[in-house]
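Notes for the structure review
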Amino acid sequence: MDTTRRFGKYRVEREVLDEQRLEEVTQRKTYSDTHLSLTEQLKDSLRCTIPKLKHSVVNSLPVLYWLPKYSLWDYGMPDLISGISVGIMHLPQGLAYALLASVPAVFGLYSSLYPALIYFFFGTSRHISIGTFTVLSIMVGSVTERLAPDTDFLISNGTNITAEVDITSRDLYRVQVAAATTVLGGLIQVALGLVKFGFVGTYLSEPLVRAYTTAAAAHAVVAQLKYIFGVSPTRFNGPLSLVYTLKDVCFLLPHTHLPTLVVSAVSMVFLIAAKELNSFLSPKLPVPIPVELITIVAGTLISTYTHLNSNYTISVVGEIPSGLSPPSVPDVSLFGEVIGDAFALAMVGYAISISLGKTFALKHGYKVDSNQELVALGLSNAAGGFFQCFSVCASMSRSLIQETTGGKTQMAGVASALIVVVTILKLGPLFQELPKAVLAVIVFVNLKGMFKQHSDIVTLWKSSKIDLVVWLVTWVSTLLLNLDLGLAASIIFALLTVIFRTQLPTYSVLGNVPGTELYVDIETHREAREIPGVTIFRSSATVYFANADLYLEALKEKSGLDISKMIIYKRRQEAKQRRREKRAERRAKRQAKRERRAQKAADKLSAAPVFSVEEEAGCWRDRGVDEDVRDKEEPGWTERENGTVFVIPTTPRTPDGPCRWEYLKGGEPDCTSLGWMSELQDGDTTTLGSSSEDTLSHDLERVSLGSLGKWTWDIHSIIIDLSTANFIDTVAIKTMKNIFQDFSEIDVDIYMAGCQASVVEQLERGGFFSESITKRRLYASVHDAVLYCLNHRGATSLPRYEPSVDTYSSTRF
């Protein structure tokens, strides 16, 4: 079929392409041509070549790709300055976040060293800083304190139990718990990365992650209150633990340790003022002022020379051993108890790292591999766990410092690790007198950015109510159910919103924009014109098992055709027609019998005219019965002519199939409901052999069966726009088959348009196409399908439609 369109003085001709013709023109391979057997795919994947091996090695070790091209002249100094700046930030944050993880401070420094070195070899992001992070430290702390509470390490003296806790034993066991959780979480990340599950982080949407980190900041604040006020609240676990802990802290406020509170207040005032000054001077400074490091150094010096621990019993960091600890195998027996927490740590850490990595990659024009990032982060955690590190990920504050101070490559991470190594080997013991209150204040002040995320509520209220609900549910569930259960509940709710959106999509009927080949929703676009006889139906979501029934119901509603009732009514009328044919056959037999009897009687009269009373009585009896039946079967039509729906077959019944029905509608509107028609008796419809010219009223109009749904002009074609579908499952395929079969029974043609190649292949695999449903029912675009419908049906039932001032002419090819 060719269509011609005029553009001024030019004529442009093109074919109207259905799917079958599209394959012929473009020579597109079908599913059977491209499908490889499982054996062939396995052989191809196992086939080893030199280029393939080189590509695999470089992908597994990205450092082999960029390090040989590293320019010391161009990148050396910027990476060194950036690494020193980030390394200085590692020191206070490593010490402070170790308190959140409930392990000795030196293990925070270990966590800032080993993972950064591992990421150097396997990571693909040039700007993120791997190390300790607030949210993960809190999550690790909830695990360590749950499995190693203080009550399990009370020092006993005979039969009496004192209030003292064996801190050394408790801390050693907590380190084992943290290391086991970290190793297991890292192994989960590596496994997911190797099977190409990097996309799993996309299930943690930005509103969910921001709400989760905001709620985690509240957990961090409550966890630091005991260090700020110098109290010892009871440790609670499980749901509502945050509420119970905060309640216990409030009850203990009258017992606040005043020297600790003074240290906390002075440190907080100094740190906030220094940060504000740093923000004010940052445009004029090449590198930001390390205010956290200055606070730690000042606090350590004051505590050392004033003997705060011995004179005022202010809690300090304690012993920090110098030197690196040897690796050790984690306690595998703990894996079963921490697997849920390890999975949560793996997901949250990856979501934060990949979001930061992609942000910087987009800004600086390079690519970050999601799967390789998952492997790199997993190896950093798994290897770090053997060195007693706790879970790490990219830090927002340190990554920003690394990027703004001119960092170019992962060499900045190596420079920062060197600063941490020097601190562990030589400077660690100098921080033994640092008050824990100072570290708690550093954590508290650094959470300011997370608390600012509460402004997301206003932004989401204006942009997306559903995302706002996800944010609020995540925030509330994380606060009340704790970090692990809160994350699980948040992910489940976010997935439910996706299902909810796909189950309640927007269904629309499309119309043509005059002068174009565009088809838009006629309810939202005033210029769109509905095409006579053609309904174009589109759903804003893909069709699959969860919304297939809703899709069918929406199609019925938008087309105005209640297909179920119409088919039931048609089958009733067909059954009545079959009964009439049987009665007509019986009447014909009786008539033939009467004729034979009459012929016999005539023969007898001609032979011997003898009058027989019995035969005459039998004839009168047959004649009376025949007239009684006729009176019952053919009542007076004039009594019902204005309110009757007459059903007549326009084509005779053939052995191959039923006849084609047409319906005649009476002029009285009160008698045109489908429910009234279904209650008509056999005598309320005419038969093929009866004459209705004297009984039909003059205002009867011929309408097709499609008119029974909405009593308007004919709908002869329905075009289903599947351009929004990115997949189709077996349930949806069955639904589409039913649509084709049901509407064909009422003489309405169904066409599909805009199918993606992958959807067509899925239709092929699902056995959708058959002799009755061929690929000629699929069209490349809605416009092609419309042109075919108008030329296929328009010549017999409708005038040629011109959707614009331009001329469309179609001929069959």
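So, on to the pairing of strand 7 (residues 507–512). Counting buried positions over the six residues of strand 7 gives six, a clear majority of the element. Here strand 7 shows no split at all, with Tyr507, Val509 and Gly511 on one side and Ser508, Leu510 and Asn512 on the other all buried. In the sheet, strand 7 pairs with strand 9 (residues 534–539) via four bridges, with the strands oriented antiparallel. Along strand 9, the bridge assignment pairs Val509 with Phe537. When strand 7 meets strand 8 (residues 519–521), the two strands line up antiparallel, connected through three bridges. If you follow Leu510 over to strand 8, its bridge partner there is Asp521.

The next thing to look at is the packing of helix 11 (residues 206–229) against helix 20 (residues 436–446). It is at 8 Å that the axes of helix 11 and helix 20 come closest, and there the two elements cross at 150 degrees. In terms of orientation, helix 11 and helix 20 fall into the roughly antiparallel class. Relative to helix 20, helix 11 is oriented so that their crossing is left-handed. Taken together, the residues of helix 20 that come into contact with helix 11 (itself represented by Val221, Gln224, Tyr227 and Ile228) are Lys436, Ala437, Ala440, Val443 and Phe444. Among the residues forming the contact of helix 11 with helix 20, the class breakdown is seven nonpolar, one polar and one charged.

Right, let's get into the confidence of the model for the chain. The predicted model of the chain has a mean per-residue pLDDT of 80, with 78% of residues at 70 or higher. Below pLDDT 50 for its whole length, residues 1–12 participates in 42 contacts with residues either more than four positions away or in separate chains. Considering only residues more than four positions removed or in separate chains, one finds that residues 610–614, a stretch of pLDDT under 50, has two contacts.

Moving on to helix 30 (residues 757–765). Residues of helix 30 that are buried include every one of Val759, Val760, Gln762 and Leu763, and no others. For helix 30, the arc enclosing every buried residue in end-on projection is 160 degrees, short of the 170-degree limit, so these residues lie on one face. A positive backbone phi angle near 70 degrees is found at Gly767, which sits one or two residues after helix 30.

The final tally for this structure, using the stated rule, is four cavities of 30 Å³ or more. Volume-wise, the largest cavity comes out at about 100 Å³. Surrounding the largest cavity, 14 residues form its lining, Ala116, Tyr119, Ile128, Gln410 and Gly413 being those nearest its centre. By residue class, the composition of the lining of the largest cavity is six nonpolar, seven polar and one charged.

Cut-offs applied
All residue numbers refer to positions counted from 1 along the written sequence of the respective chain. Given that this is a predicted model, residues contribute local features only at a pLDDT of at least 70 and side-chain atom pairs are listed and counted only at 80 or more, while totals for whole chains, interfaces and linings are drawn from all residues. The basis for every side-chain value is the complete set of non-hydrogen atoms in the structure, without hydrogens or water. Burial classes follow relative accessibility: with a 1.4 Å probe on protein chains only, a residue under 20% of its type's maximum area counts as buried, one over 50% as exposed, and anything between as partly exposed. Per the convention used, a helix needs a DSSP run of H or I reaching at least four residues, while a strand needs a run of E reaching at least two, with both numbered from the N terminus. In short, DSSP must find at least two bridges between two strands for them to pair. Axis geometry follows a simple rule: fit a line to the C-alpha atoms, using only the stretch in contact for helices, then measure angles between N-to-C directions, giving values from 0 to 180 degrees. In these notes the angle categories are as follows: under 35 degrees is roughly parallel, over 145 is roughly antiparallel, 65 to 115 is roughly perpendicular, and the rest is oblique. For any pair of crossing helices, the crossing counts as left-handed if the nearer helix is rotated counterclockwise from the farther one by less than a right angle, and right-handed if it is rotated clockwise. When checking whether two residues touch, look at their non-hydrogen atoms; a contact exists if any pair is within 4.5 Å. Note on residue classes: Ala, Val, Leu, Ile, Met, Phe, Trp, Tyr, Cys and Pro are nonpolar, Asp, Glu, Lys and Arg are charged, and everything else, Gly too, is polar. A residue's pLDDT is the confidence the predictor assigns to it, expressed on a 0 to 100 scale. The directions from the helix axis to the C-beta atoms are what the arc is built from. Cavity: a set of points on a 1 Å grid over the protein atoms alone where a 1.4 Å probe fits but cannot get out. Pocket: an open set with protein on both sides within 12 Å along at least five of seven lines, its lining residues, like those of a cavity, having an atom within 4 Å of a point. Grid points are joined across faces, edges and corners, and a volume is the space filled by probe spheres set on the points.

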